[in-house]
Amino acid sequence: MATNFMDLDQNGKIQAYYIWIDGSGQNIRGKTKTLDGPVTSVDELPEWNFDGSSTNQSTGANSDVYIRPVSIFKDPFRRGDNILVMCECYSPDDTPHPTNKRHACNALMEKYKDQKPWFGIEQEYTMFDKSGKHPYGWPQNGFPGPQGPYYCGVGADRVEGRKIVEDHYRACLYAGVKIAGSNAEVMPSQWEYQVGPCEGIEMGDHLWVSRYILCRVAEEYGVVISYDPKPIPGDWNGAGCHTNISTLPMRVEGGMPHIISAIEKMSTKHKEHIEEYDPTCGADNARRLTGLHETASIDQFSYGVANRGASIRIPRQCEKDGYGYFEDRRPASNCDPYAVTARIIKSICE
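Quick summary incoming for the structure in this document.

## Quick word on the pattern of salt bridges
Then step 1. The final tally for this structure, using the stated rule, is 17 salt bridges.
Then step 2. Glu327 serves as the salt-bridge partner of Arg329, at 3.2 Å between the closest nitrogen and oxygen. Each member of the pair, Arg329 as well as Glu327, carries the same accessibility label: buried.
Then step 3. A salt bridge links Arg330 to Asp328; the nearest nitrogen and oxygen atoms lie 2.9 Å apart. Exposure class is identical for Arg330 and Asp328. Each is buried.
Then step 4. A cluster of three or more residues bridged by salt bridges with shared partners is formed by Glu47, Arg68 and Asp94.

Following this line, the structure appears as structure tokens:
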């Protein structure tokens with residue numbers, strides 16, 4: 001990583017990198033503001049704005065969209081007192097922008113905070129070369145060998161991009177992102193990392209910032225990160241964002257009936273969940289949730305113990321213990337975690 005000027009003194013100033021989600025509902029934008037000194041709270045940070053006509057969030061005739069800081073992380077690229085700032089978008093009339101999924105999510109998390117909802121998200125992604133069209137490390141003509149040896153693989157003939165994975169992991173730890181683990185996935189050049197457990201609204205904040213850090217690390221290697229849920233057609237695994245959920249009653253002894261009750265409530269809202277589980281109201285996920293490659297069909301709801309072909313999986317250990325959590329396997333890799341966690345809480349708590 002080039003550091004030609006990064007050791008220069010900042011004369012007491014700090015750089016704050018403001019991050020927001022653009023009109024696609026899945027891409028990250030960001031820009032830097034100079035502050036007079038270190039900050040310890042979002043309350044010390046100024047509101048800012050950007051040209052929404054360039055991010056598919058407004059028209060040129062009324063282009064300003066406001067960004068309001070909501071959480072702070074340490075900046076692993078600039079380091080020192082420099083920070084990353086997760087933001088919400090607001091319209092000129094001071095109402096949440098239509099692309100702002102966080103505002104409604106936070107309201108639900110506050111409403112049901114006595115339930116102490118915990119989430120853990122498994123973010124899958126695929127590496128592509130700089131063109132964004134050819135999977136990183138795949139043969140220029142043809143395909144790699146069939147799936148099988150790549151999952152949690154070791155060795156240059158089985159994994160690609162490990163340096164990016166390791167740099168991302170360490171950068172997340174430095175930033176304060178609650179990264180919990182990582183592994184190579186079933187398709188070559190596909191990886192997964194896990195974030196959590198996070199309580200309430202922090203799940204979305206931490207996952208979005210982890211995505212920014214991943215894309216930013218990959219820049220240094222000329223690699224493009226794809227969150228497409230089915231990046232390669234055919235007999236190759238798709239990419240999901242499996243979401244693990246529990247409330248306080250589920251996590252204590254005798255919690256299994258609460259888990260089953262929550263799953264049954266979600267079963268009656270399958271269509272509503274699918275519509276919130278990718279930014280295209282289910283069109284992206286339809287390419288992935290086929291009933292093959294460790295997925296359930298998008299048209300049917302199912303659940304089971306240790307069943308990775310079901311919509312929702314109850315871990316074997318949780319069944320044995322009689323309490324714990326469950327895993328919703330439907331969210332796509334390009335989902336908005338604010339929309340996903342909000343929909344889950346709305347289904348199981350209201």
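## A few points about the packing of aromatic side chains
Then step 1. Under the criterion given, the structure shown has eight aromatic pairs.
Then step 2. Pairing Trp20 with Phe50 gives two aromatic rings, centres 4.2 Å apart and planes at 15°, and the pair type is stacked. A residue pair is termed long-range when its members are at least 10 positions apart, and Trp20 in strand S1 (residues 14-21) and Phe50 in strand S3 (residues 48-51) qualify at 30 residues.
Then step 3. The exposure class of Trp20 is buried, given its relative accessible area of 4%.
Then step 4. When its relative accessible area of 4% is taken as the criterion, Phe50 is described as buried.
Then step 5. Geometrically, the ring pair formed by Tyr125 and Tyr193 is tilted, given 6.0 Å between the ring centres and 55° between the ring planes. With Tyr125 in strand S6 (residues 118-128) and Tyr193 in strand S8 (residues 190-199), this pair connects stretches of sequence that are 68 residues apart.
Then step 6. Its relative accessible area of 2% is what places Tyr193 among the buried residues.
Then step 7. Here the aromatic cluster, defined as three or more aromatic residues joined through ring pairs, consists of Tyr17, Phe77 and Tyr212.
Then step 8. Lying across the ring of Trp208, Arg211 places its NZ or CZ 4.7 Å from the centre.

Parameters and conventions
Residues numbered from 1 in each chain as written. Predicted model: local features only at pLDDT ≥ 70, side-chain atom pairs only at ≥ 80, totals over all residues. Heavy atoms only, no water. Salt bridge = Lys/Arg side-chain N within 4 Å of Asp/Glu carboxyl O. Buried < 20%, exposed > 50% of the residue type's maximum accessible area, 1.4 Å probe, protein only. Phe/Tyr/Trp six-rings, centres within 6.5 Å; stacked < 30°, edge-to-face > 60°. Helix = DSSP H or I, 4+ residues; strand = E, 2+ residues; numbered from the N terminus. Lys NZ or Arg CZ within 6 Å of the ring centre and 35° of its normal.

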